[in-house]
Amino acid sequence: GAVDKTVIDRDLDTMKSLGYEAVTEQAGKGMPFAYLSPEYFKFFRMFVEEAKKRDMRVWIVDDAGYPSGFAGGKFSSEKPGLRMQALVVGQRVSAPTGQAVSLTLDPNTVAVTAVNAADGSTINIPFAKNTASWTAPAGDWTVMVVEHIFSTSPTRSDTNPTGKKDATQSLEDYMDPAATEQYLTFTHRQYKKYLGDEFGKTIMGFRGDEPDYSIRGLPWTPKFFARFEQIKGYDVRPYVATFELRNMTEEQRRAKADYYDVFSQMFRDGFFKVQGQWCAANHLEYQVHLNHEEMEMALTHSEGDFFRDMRYVEVPGLDAIWHQLWTDTVSDYPRLA
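Source: prediction; values computed, not measured.

Thresholds, definitions, all that
- Here the residue numbers are simple positions, counted from 1 along each chain's written sequence.
- In keeping with the model being predicted, local features are shown solely for residues with a pLDDT of at least 70 and side-chain atom pairs are shown and tallied solely at 80 or more, while totals for entire chains, interfaces and linings include all residues.
- Excluded from the side-chain calculation are hydrogens and water; included are all heavy atoms of the structure.
- Secondary structure elements follow DSSP: runs of H or I no shorter than four residues count as helices, runs of E no shorter than two count as strands, and numbering proceeds from the N terminus.
- Note on contacts: a residue pair qualifies if any of its non-hydrogen atoms lie within 4.5 Å across the two residues.
- Per-residue accessibility takes into account occlusion by the displayed protein chains alone, with areas from the Shrake-Rupley method and a 1.4 Å probe.
- The charge count treats Lys and Arg as positive and Asp and Glu as negative. His and the chain ends do not count.
- The location of each charge is read from NZ of Lys, CZ of Arg, CG of Asp or CD of Glu.
- One requirement defines pairing of two strands: DSSP has to find at least two bridges between them.
- Angles shown run from 0 to 180 degrees and are taken between the N-to-C directions of axes, each axis being a line fitted to C-alpha atoms and, for helices, limited to the stretch in contact.
- One side-chain nitrogen of Lys or Arg within 4 Å of one carboxyl oxygen of Asp or Glu is enough to make a salt bridge.
- Burial classes follow relative accessibility: with a 1.4 Å probe on protein chains only, a residue under 20% of its type's maximum area counts as buried, one over 50% as exposed, and anything between as partly exposed.
- A 3.5 Å cut-off defines polar contacts: any pair of N or O atoms within that distance qualifies, except that in protein one atom must be a possible hydrogen donor and the other a possible acceptor, and neighbouring residues in sequence count only when both atoms are side-chain atoms.
- Points on a 1 Å grid, built from protein atoms alone, make a cavity when a 1.4 Å probe fits but cannot get out and make a pocket when they are open with protein on both sides within 12 Å along at least 5 of 7 lines; residues with an atom within 4 Å of a point are the lining residues.
- Grid points are joined across faces, edges and corners, and a volume is the space filled by probe spheres set on the points.
- As a working rule, the residues Ala, Val, Leu, Ile, Met, Phe, Trp, Tyr, Cys and Pro are called nonpolar, Asp, Glu, Lys and Arg charged, and the rest polar, with Gly in that last group.
- Angle categories: roughly parallel below 35 degrees, roughly antiparallel above 145, roughly perpendicular from 65 to 115, and oblique for all the rest.
- Should the near helix be turned anticlockwise from the far one by less than a right angle, the crossing is left-handed, and should it be turned clockwise, the crossing is right-handed.
- Each nonpolar core is a collection of buried residues, namely Ala, Val, Leu, Ile, Met, Phe, Trp, Tyr and Cys, held together in the definition by side-chain atoms within 4.5 Å.
- Patches here are clusters of residues that have more than 30% relative accessible area and form no salt bridge, with a 9 Å joining cutoff for like charges and a 5 Å cutoff for nonpolar side chains (Val, Leu, Ile, Met, Phe, Trp, Tyr).

What follows is about the overall build of the chain. Helix and strand content of the chain: nine helices and 15 strands. Restricting to contacts in the chain with at least 6 residues of sequence separation, those with at least 24 account for 75%. Of the roughly 16,200 Å² of accessible surface on the chain, 51% is carried by carbon and sulfur atoms. Positive and negative side-chain charges of the chain, numbering 37 and 47 respectively, have mean locations separated by a distance of 4 Å.

So, on to the sheet that holds strand E4 (residues 85-96). Strand order in this open sheet of five strands is E7-E6-E9-E4-E13, and the pairing throughout is antiparallel. In this open sheet, the two strands that pair with only one neighbour each are strand E7 (122-124) and strand E13 (218-220). Pairs of neighbouring strands in the sheet enclose a mean axial angle of 30°, with direction left out of account. Lying over the sheet, helix H7 (residues 250-281) contacts E4, E7 and E13, oriented at roughly 45° with respect to E13.

Taken as a whole, this structure holds 21 salt bridges when the rule is applied. With its nearest N and O atoms 3.6 Å apart, the salt bridge here joins Lys5 to Glu50. Taken together, the positions of Lys5 in helix H1 (residues 5-17) and Glu50 in helix H2 (residues 38-53) put the pair 45 residues apart, joining distant regions of the chain. On the basis of relative accessibility, which here comes to 5%, the residue Glu50 falls in the buried class. Between Lys52 and Glu198 there is a salt bridge, with the nearest N and O atoms lying 2.8 Å from each other. You can see Lys52 sitting in helix H2 and its partner Glu198 sitting in the loop between helix H5 (188-195) and strand E12 (203-209), a full 146 residues away along the chain. Judged by relative accessible area, which is 3%, Glu198 ranks as buried.

Our focus in this paragraph is the side chain of Lys256. Positionally, Lys256 belongs in helix H7. No salt bridge forms around the buried Lys256; measuring N to O, its nearest opposite-charge neighbour Glu244 is 8.9 Å away. At 3.0 Å, the side chain of Lys256 forms a polar contact with the backbone oxygen of Phe243. Once residues lying within four places of it in the same chain are set aside, the contact partners of Lys256 are Phe243, Met248 and His301.

Of the volumes computed, that of the largest pocket is approximately 530 Å³. Within the residue set of the lining of the largest pocket, elements represented by two or more residues are H1, strand E1 (22-25) and H2. If you tally residues by element for the lining of the largest pocket, the top one is H1, at five residues. Looking at the lining of the largest pocket residue by residue, the classes come out as 15 nonpolar, five polar and three charged.

Right, let's talk about the packing of H1 against H2 for a bit. Pairs of packed helices are described in terms of their axes, by the angle between the two and the distance that separates them. Taken N-terminus to C-terminus, the directions of H1 and H2 make an angle of 30°; their axes are 10 Å apart at the nearest point. Viewed along their axes, H1 and H2 adopt a mutual orientation that is roughly parallel. Crossing hand, H1 versus H2: right-handed. Contacts between H1 and H2 pair Lys5, Ile8, Asp9 and Leu12 from the former with Phe43, Met46, Phe47, Glu50 and Ala51 from the latter. Across the contact of H1 with H2, the residue classes break down as six nonpolar, no polar and three charged.

Examined against the element boundaries, Asn160 turns out to sit in the loop between strand E10 (155-157) and strand E11 (165-166). Owing to a relative accessible area of 7%, Asn160 belongs among the buried residues under this scheme. A polar side-chain atom of Asn160 sits 2.9 Å from a polar atom in the side chain of Thr162. Apart from residues no more than four positions distant in its own chain, Asn160 is found in contact with Asp166, Thr168 and Gln169.

Grouped together as the largest cluster of nonpolar side chains are 70 residues, with contacts concentrated most on Tyr40, Phe44, Leu87, Tyr191, Phe224, Val240 and Tyr259. Top contributing element to this core by residue count: H7, with 12 residues. Discounting chain neighbours no more than four positions away, the residues touching Phe224 are Met175, Tyr259, Val262, Phe263 and Met266. Counting 13 residues, the second-largest nonpolar core is a separate cluster that includes Leu103, Leu105, Val112 and Ala136.

The next thing to look at is the sheet that holds E10. The strand order across the open sheet formed by three strands is E3-E10-E11, and the pairing between neighbours is antiparallel. Strand pairing shows two members of the sheet lacking a second neighbour, strand E3 (65-66) and E11, which therefore form its edges. Inspection of the sheet shows E3 paired to E10 by two bridges, in the antiparallel sense. Bridge pairing in E10 places Gly65 opposite Ser157.

In this section: a nonpolar patch on the surface. Where nonpolar side chains cluster on the molecular surface, the patch consists of Ile321, Trp322, Leu325 and Trp326 and spans about 510 Å² of accessible area. For Leu325, the location among the structural elements is in the segment after strand E15 (315-316).

As structure tokens, this is what we get:
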């Protein structure tokens, strides 16, 4: 129900009587004021003061739902250029031997690749001014056009008017440190403005929840290709169309592994590192868990690598719900944190 000072007093007193010395706060549905508004922080200030009177500590959930990184919808409404992005195959055109192919391309095209059905071999097709022309040599070819799009993991936001877990409120571009700096400006820095005197005292830090890429396509950011070539020493664009092929060549498999290796490094540096260092500089701890820590291999595509992501996190966390507790799961994953 509605939360006011009477409810806060009742709940904090009950928790204290049961031996709890710290509480975690999360903005919820039905608040009488907008999330992150001055009225929200005035109410939050009162809550922190009541916790302080009882010698209790406070952790702040860093968003109005999950996954962390949508700032209660502000990226969609105020900074759409910093939303999460992906690479997808936008066009597929069959091209048997001798077929002439003429394509009109989306301005967001990053690669045009012809794939031979017989052996998975590829031909990189040059393009310019949003067009590409090519004639197929011997073989059964498919021309695949790779584009970058704005695409977000679904968010369950308590500020979403639909009340659903959907793409209405986009996550930030996790691989772009500038997007995470904007996230801090939307959220953490506002808490500092209104409650910074309690940082490291009553307020212990921020807790994040399940940042991941549950998207169609490949995780991508505008600086990805340049960073990839810097780390790996070659251009990965001619390979990206092949990453969804069922029977990849060894060379393509290795390129795909390189892609996710670079993604993992950029996710760590663009999201977790920025927050961890900001919290440390402001006398706070950063606490976060990933999505499905018990499925380490699956993390490759969604979060990169547990240990990389947690490197700059002061309080590594994990979840213990649903599948983690089922009898078909090897329950050694808590050791990770």
